[in-house]
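Descriptive structure summary
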Amino acid sequence: SKGPVTTGRPIHISSARARPAREEMNVRPSPTGKKSEAGPVVKRQRSAPQGFRPTKYIILAYPTLEEFAKRLVAEDPSSFSFYSSKWSKFNDSGMDHIILGGFSPVNVVMRSHILFLADFNSNDAILSQLHALVMLCESFIATLTIFLPYLPTATMERITVEGEVATANTICRMLSGLPHTGGPSRVMFYDLHTLQNRFYLHSGAIATMHTTVPLVKEVLARPETGIHVVAFPDEGAQKRFGSLFSEYKIVTCGKKRVGDQRTVVIQDGQCTGKHVLIVDDMVKTGGTLVECAKALNYAGAITVSAFCAHAAFPEGQEQRFVGGGDRAVFEKFYVSNSNPTVVNRIEALPAEKGGARVFEVLDILPLLLEDL
């Protein structure tokens, strides 16, 4: 036969066989191969294309971040749904027994965009969450986003003696080894201690970099703070954060050898008669911050406060900064809630006389909503 009549548009070829333009002929196919005047053919409905930003996330969380997850849902219930998980150990072996939420009685995880709130506060916690992450990647999910604002091993990114283990590298290799879900998993870092850590991730996981600086800028905008000078404890912090505070006067400190000791001194800038805020990415024992504050006070600063993105105090170390402790030199000490285990201890500290508190915890949740 001569084949179907077309309207002049080219016939698309598939599998070496011509397909008639059925919609244009306004006919339906017949089992006999003849035309049938049965009305227009309804075109197949196609799902709307997925945008760059998923519109709905299923949230799963490590126990220390469950309250954070609930607050996310309360903030934007149209974009988030949270399913609680059970994290326990078998009594006989002590091994992990994890039951992730969202799988029963109805599996809402499959083909969904997953936001996993991670807290790598210990070796045991890391391994437990890696178990869960691998299982999620093998559950036919659409995408996996891992919210990991604080990476504790980021300070161990290099070695000084042969045989030493760079745990920043090994943790990132474990994350990079996650099974593919069609593309790499996304890991959200905030103010990563050494920026090159992001390149330790590869293949199965890729980092996106974010900062908590908008939180401290909101503090600086408060009229009552009166802060017009931003100081950095060393040149590295100045290079990293200095451009983000271009509207403020900058003071840079650094260590200088005096006799047999290395002392923190002001290397650049003036702070006389000013309220000063020291900015850094992380605080552990806080020794360098305290020495920096003393140098600023000696140079004539009226008050000195501090902001650190991540509070990583060892057990009890936070008490030294309040209540007449030997490191109570700060007017205010601002930290984000990126490390919930330590932040819980900070929030449990008693108030000073008159109800004032040295520590103020800044909420990272609004940043996550924007950065996601």
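About the criteria used
- Residues numbered from 1 in each chain as written.
- Predicted model: local features only at pLDDT ≥ 70, side-chain atom pairs only at ≥ 80, totals over all residues.
- Heavy atoms only, no water.
- Helix = DSSP H or I, 4+ residues; strand = E, 2+ residues; numbered from the N terminus.
- Buried < 20%, exposed > 50% of the residue type's maximum accessible area, 1.4 Å probe, protein only.
- Areas by Shrake-Rupley, 256 points an atom, 1.4 Å probe, with all protein chains shown as cover.
- Core = buried A, V, L, I, M, F, W, Y, C linked by side-chain atoms within 4.5 Å.
- Contact = heavy atoms within 4.5 Å.
- Pairing = 2+ DSSP bridges.
- Right-handed = clockwise from strand over helix to strand, strands pointing away.
- Arc of directions from axis to C-beta.
- Axes fitted to C-alpha atoms, helices over the stretch in contact; angles between N-to-C directions.
- Phe/Tyr/Trp six-rings, centres within 6.5 Å; stacked < 30°, edge-to-face > 60°.
- Lys NZ or Arg CZ within 6 Å of the ring centre and 35° of its normal.
- Salt bridge = Lys/Arg side-chain N within 4 Å of Asp/Glu carboxyl O.
- Polar contact = N/O pair within 3.5 Å; in protein donor to acceptor, adjacent residues only side chain to side chain.

We now examine the overall build of the protein. From N to C terminus, the protein includes nine helices and 17 strands. In the protein, which comprises 372 residues, the share counted as buried stands at 42%. Accessible surface, the protein as shown: approximately 20600 Å² in total, 53% of it carbon and sulfur.

This part is about the nonpolar core. Grouped together as the largest cluster of nonpolar side chains are 37 residues, with contacts concentrated most on Phe68, Leu72, Leu115, Leu117, Phe147 and Phe245. Ranked by residues supplied to this core, first place goes to helix α5 (residues 213-220) with five residues. Aside from chain neighbours lying at most four places away, what touches Leu115 is Tyr57, Ile58, Ile59, Leu60, Leu72, Phe80, Thr145, Phe147 and Leu372. Residues Ala132, Leu136, Cys172 and Phe189 belong to the second largest nonpolar core, which totals 33 residues.

Moving on: unusual backbone geometry. Ser104 connects to Pro105 through a cis peptide bond whose omega is 5 degrees. With respect to the helices and strands, the residue Pro105 is situated in the loop between β6 (96-99) and β7 (113-117). Although it is not a glycine, Arg111 adopts a positive phi angle of roughly 65 degrees. Mapped onto the elements, Arg111 comes out in the loop between β6 and β7. Phi at Phe140 takes a positive value of approximately 60 degrees, unusual for a residue other than glycine. Along the chain, Phe140 turns up in the loop between α3 (123-137) and β8 (143-147). By relative accessible area, which is 62% here, Phe140 ends up exposed.

Before going further, it helps to spend a moment on the pairing of strand β16 (residues 333-336). Here β16 shows two buried faces, one formed by Phe333 and Val335 and the other by Tyr334 and Ser336. As defined by bridge partners, strand β15 (residues 303-311) adjoins β16 across three bridges and the pair is classed as parallel. Note that in β16 the partner of Cys308 across the bridge is Val335. Taken together, the four bridges between β16 and strand β17 (residues 359-362) define a ladder with parallel strand orientation. Across the sheet, residue Val335 finds its bridge partner in β17, namely Val361. At this point the chain moves from β16, through helix α8 (residues 340-347), to the parallel β17, and the crossover so formed is right-handed.

As a further point, take α5. By the burial criterion, the buried members of α5 are Val213, Leu215, Val216, Val219 and Leu220. In a view along the axis of α5, the buried residues occupy a sector of 155 degrees, so they form one face of it.

What follows covers the sheet that holds β7. With parallel pairing, the six strands of this open sheet are ordered in space as β4-β3-β7-β8-β9-β10. The two strands at the open ends of the sheet, each matched to only one other strand, are β4 (80-82) and β10 (205-210). Put simply, the sheet's adjacent strands are angled 25 degrees from each other on average, direction ignored.

Under the counting rule described, the total for this entry stands at 15 aromatic pairs. Arranged with centres 5.5 Å apart and planes meeting at 90 degrees, the rings of Phe321 and Phe333 form a pair that is edge-to-face. Separated by 12 residues along the polypeptide, Phe321 in the loop between β15 and β16 and Phe333 in strand β16 bring together distant segments of the chain. The pair Phe321 / Phe333 is uniform in exposure class, with both members buried. Clustering of aromatic rings is evident, with ring pairs tying together Phe313, Phe321, Phe330, Phe333 and Phe359. A cation sits over an aromatic face here: Lys217 above Phe245, 5.7 Å from the ring centre.

What follows deals with the pattern of salt bridges. Under the definition given, this model contains 14 salt bridges. One salt bridge in this structure joins Glu315 and Arg345, with 3.7 Å as the shortest N-O distance. Of the two residues, Glu315 is situated in the loop between β15 and β16 and Arg345 in helix α8; the sequence distance between them amounts to 30 residues. With a relative accessible area of 18%, Arg345 lands in the buried category.

Tracing the sequence through the fold places Thr145 in strand β8. Apart from residues lying up to four places away in sequence, Thr145 is in contact with Tyr57, Ile114, Leu115, Phe116, Arg186, Met188 and Leu372.

Here the focus is the sheet that holds β16. Taken together, the seven strands give an open sheet; going across it, the order is β13-β12-β11-β14-β15-β16-β17, and neighbouring strands pair in mixed fashion. Here the strands that pair on one side only, and so sit at the sheet edges, are β13 (261-268) and β17. With strand direction ignored, the average angle separating the axes of adjacent strands in the sheet is 25 degrees. Lying over the sheet, α5 contacts β11 (227-232), β14 (275-283), β15, β16 and β17, oriented at roughly 125 degrees with respect to β17.

Examined against the element boundaries, Thr225 turns out to sit in the loop between α5 and β11. Note on Thr225: relative accessible area 14%, which makes it buried. Separated by 2.8 Å, the side chain of Thr225 and the backbone oxygen of Arg222 make a polar contact. When near neighbours in sequence (up to four residues on either side) are disregarded, Thr225 contacts Val219, Leu220, His275 and Tyr334.

Another point: helix α2 (residues 66-75). Listed as buried for α2 are Glu66, Phe68, Ala69 and Leu72. Here the buried residues of α2 occupy an arc of 155 degrees about the axis, which is enough to place them on one side. In α2, those exposed residues whose orientation departs by more than 90 degrees from the buried face are Glu67, Ala74 and Glu75. Where α2 is buried, its residues touch β3 (57-61), β4, β7, β8 and α9 (365-371).

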